[in-house]
Amino acid sequence: MKKRMYRFFMDYEKEERWVNDMADRGWNLKKAVAGYFVFEKGTPELYIYRNEFVNRKSKDYFEFLDAMNIECVSKFGGWAYYRKLKSEGPFEIFTDTTSKFNYIKSMNRFFILVLLLNLMTGIYNIALGLWESAAGLVNTSVGCMSLIVALLLVIPIVKNENRKKGLKQDLHIFEG
């Protein structure tokens, strides 16, 4: 039996917790695409799931994960979902503070780039919409949508910056 669900998360850790809660109830992830999740009924508490922003990961990286008995369940739009049997013990993608810090830093670079592109597109389209009467409403609408996307991107950026601050404090505690 399959279950299809739509959920939109602005926080990758909350999304990961939700997928793991579903797995604990016997719903194993089969596919994740931009807020659309497909689960298949299975054994409760069989897998641990992790998600990762996989921008520019090599084929060797995925082969390494496969050699570690980590299955890539779904990849879409720069994100991947992995799973590993719970019986094999804890499963973390980032086992040290420095690698997690760098991961969050690279994720935020991408989010900031997308935010800036949406900001520029929004301002440009609103300006066009104000000066042109023929397609003014369309341009203004597209511009407003781009600005809304840019504003929404502030949420994960701020959350990631707070995570980085916490990790930085942990690094200073371990080094100091």
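Residues numbered from 1 in each chain as written. Predicted model: local features only at pLDDT ≥ 70, side-chain atom pairs only at ≥ 80, totals over all residues. Heavy atoms only, no water.

Peer 1: Give a detailed account of helix α2 (residues 59-67), specifying residues and quantitative values.
Peer 2: Since the α-helix advances by 3.6 residues per turn, residues separated by three or four positions end up pointing in the same direction. When we look at burial in α2, the residues that qualify are Y61, F62 and L65. End-on view of α2: buried residues confined to an arc of 95°, all on one side of the axis. Away from its buried face, by an angle of more than 90 degrees, α2 presents the exposed residues K59, D60, D66 and A67. Next to the buried residues of α2 lie β4 (47-53), β5 (71-76) and β6 (79-85). Phi turns positive, to about 65°, at N69, one or two residues after α2. (Buried < 20%, exposed > 50% of the residue type's maximum accessible area, 1.4 Å probe, protein only. Helix = DSSP H or I, 4+ residues; strand = E, 2+ residues; numbered from the N terminus. Arc of directions from axis to C-beta. Contact = heavy atoms within 4.5 Å.)

Peer 1: Tell me about a nonpolar patch on the surface, and please be specific about residues and values.
Peer 2: A contiguous nonpolar surface patch, about 330 Å² in accessible area, is contributed by I112, L116, L119 and I123. Structurally, the position occupied by I112 is in helix α3 (residues 97-131). (Patch = residues over 30% accessible without salt bridge, like charges linked within 9 Å, V, L, I, M, F, W, Y side chains within 5 Å. Areas by Shrake-Rupley, 256 points an atom, 1.4 Å probe, with all protein chains shown as cover. Salt bridge = Lys/Arg side-chain N within 4 Å of Asp/Glu carboxyl O.)

Peer 1: Lay out the sheet that holds β6 in plain terms, naming residues and giving numbers.
Peer 2: Pairing is antiparallel in the open sheet, where 3 strands are placed in the order β4-β6-β5. Each edge of the open sheet carries a strand with a single partner, namely β4 and β5. If you compare each strand with its neighbour and ignore which way they point, the axes differ by 20° on average. Bridge count for β5 against β6 is 5 bridges, and the pairing is antiparallel. Among the inter-strand pairings, K75 is bridged to a residue of β6, identified as A80. Sheet strands touched by helix α1 (residues 12-24): β4 and β6. Its angle to β4, the strand with the most contacts, is close to 155°. (Pairing = 2+ DSSP bridges. Axes fitted to C-alpha atoms, helices over the stretch in contact; angles between N-to-C directions.)

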